[in-house]
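Report on the structure
If you want the building blocks of each chain, they are given just below.
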Amino acid sequence: MRVTIWNEYRHEKSNPAVAAIYPQGIHGALEAGLSRHDLGVIRTTTLDDPSQGLPDALLSETDVLVWWGHRHHDEVSDDLVARVCARVHAGMGLVVLHSGHFSKVFKRLMGTPCTLKWRADGERERIWTVDPSHPIAAGIPAHFTLEQEEMYGEPFAVPSPDEIVFLGWFKGGEAFRSGCCYKRGLGRIFYFQPGHETFPSYHDPTIIHVIANGIRWATPVAMMEGPFVNERVQPMEAIP
Ligand code: ZN
């Protein structure tokens, strides 16, 4: 399997509080944690890299793409968004983390506003595994706690998920569909809510385990050679 972690990587360079938690960048923390899960080749790339981190050569060699972005979604070019969405339709898996809910890529694939309620006060989140037999829940406890997370609350303006694996409950009272599965074209998409940049969620082994399971679940079963096309075709045998 070939996993590519794409990170906006701006907060870590501009905010010392974020750099203190993620000195190697959020992508570095994800890579370090995920490398313990035998996922194959893991590469990292960032918005400020050439071709905004995803030249065709890398995208075409990616089976599952992990996406973390926040403040600079609008800088991601429409060309890159189109190329990522086409690759998802062709079968590539996509794992969208935390504020990636508002990325151009996720919003285009969902076709809805993807808005939510939020409050970054660092409150306790209790995450419930509501579909224990789902592959993404393998080895994950019935519930687990993050002492500090950003509250994401309903209504989450996404299409009804094909499957909901996790629900989050926050100390302040809100609840959220924290782990949601979709299929778009041949591609599988997993959205997972934890991961605000000023809290250490990506150092939490259970969070990393969920993301690793999400990557495995999103691994392509079948990839199309080219894009979907609308075409008239000849019949396979004579039609009377
Ligand atoms: Zn956040």
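Structure's up top.
Residues numbered from 1 in each chain as written. Predicted model: local features only at pLDDT ≥ 70, side-chain atom pairs only at ≥ 80, totals over all residues. Heavy atoms only, no water.

1. So, unusual backbone geometry
The condition is simple: In DSSP terms, a helix is any run of H or I states spanning at least four residues, a strand is any run of E spanning at least two, and both are numbered starting from the N terminus. The cut-offs for exposure are 20% and 50% of the maximum accessible area for each residue type, with area from a 1.4 Å probe on protein chains only; residues under the lower value are buried, those over the upper are exposed, and the others partly exposed.
The omega angle of the peptide bond from glutamate 154 to proline 155 is 5°, so this bond is cis rather than trans. For proline 155, the location among the structural elements is in the loop between strand S6 (143-153) and strand S7 (163-170). For serine 51, which is not glycine, the phi dihedral falls at a positive 55°. Among the residues examined, serine 51 registers a relative accessible area of 44% and is labelled partly exposed. Phi is positive for histidine 98, close to 45°, though the residue is something other than glycine. Following the sequence through the fold, histidine 98 ends up in the loop between strand S4 (93-97) and helix H6 (104-110).

2. Section: the coordination of the zinc ion
Cut-off, in case you're wondering: Coordination partners: N, O, S within 2.8 Å of the metal, 3.2 Å for Na, K and Ca; water not considered, so apparent gaps in a site are possible.
Listed as protein donors to the zinc ion are His98 (NE2), Glu150 (OE) and His196 (ND1); their distances from the metal cover 2.0 to 2.1 Å. Here the donor residues of the zinc ion are spaced in sequence according to H-x51-E-x45-H. With glutamate 150 in strand S6 and histidine 196 in the loop between strand S9 (187-192) and helix H7 (205-218), the pair connects residues that are 46 residues apart, well separated along the chain. Its relative accessible area of 7% is what places histidine 196 among the buried residues.

3. Brief notes about the packing of aromatic side chains
Which entries qualify depends on this criterion: Between the rings of Phe, Tyr and Trp (Trp by its six-membered ring), a pair exists once the centres lie within 6.5 Å; its type follows the angle of the planes, with under 30 degrees stacked, over 60 edge-to-face, and the other angles tilted. Here, a charge over a ring means that NZ of Lys or CZ of Arg falls within 6 Å of the ring centre while also lying within 35 degrees of the ring normal.
Within this structure, the stated rule accounts for nine aromatic pairs. Consider the rings of tryptophan 6 and tryptophan 67, whose centres lie 3.9 Å apart with planes at 10°: the pair is stacked. Linking tryptophan 6 in strand S1 (residues 2-7) with tryptophan 67 in strand S3 (residues 64-68), this pair joins segments that are 61 residues apart in sequence. Taking relative accessible area as the criterion, tryptophan 6 reaches 1% and is therefore assigned buried. Under the relative-accessibility criterion, tryptophan 67 is labelled buried at 2%. Aromatic side chains phenylalanine 190 and phenylalanine 192 sit 5.7 Å apart centroid to centroid with 20° between the ring planes, which places their arrangement in the stacked category. The residues phenylalanine 190 and phenylalanine 192 share a single accessibility class, namely buried. Each member of the aromatic cluster is reached from another via a ring pair, and the members are Phe106, Tyr152, Phe156, Phe176 and Tyr191. When the ring centre of phenylalanine 102 is taken as origin, the NZ or CZ atom of lysine 107, which lies over that ring, is 4.0 Å away.

So yeah, pure geometry; function would need other evidence.
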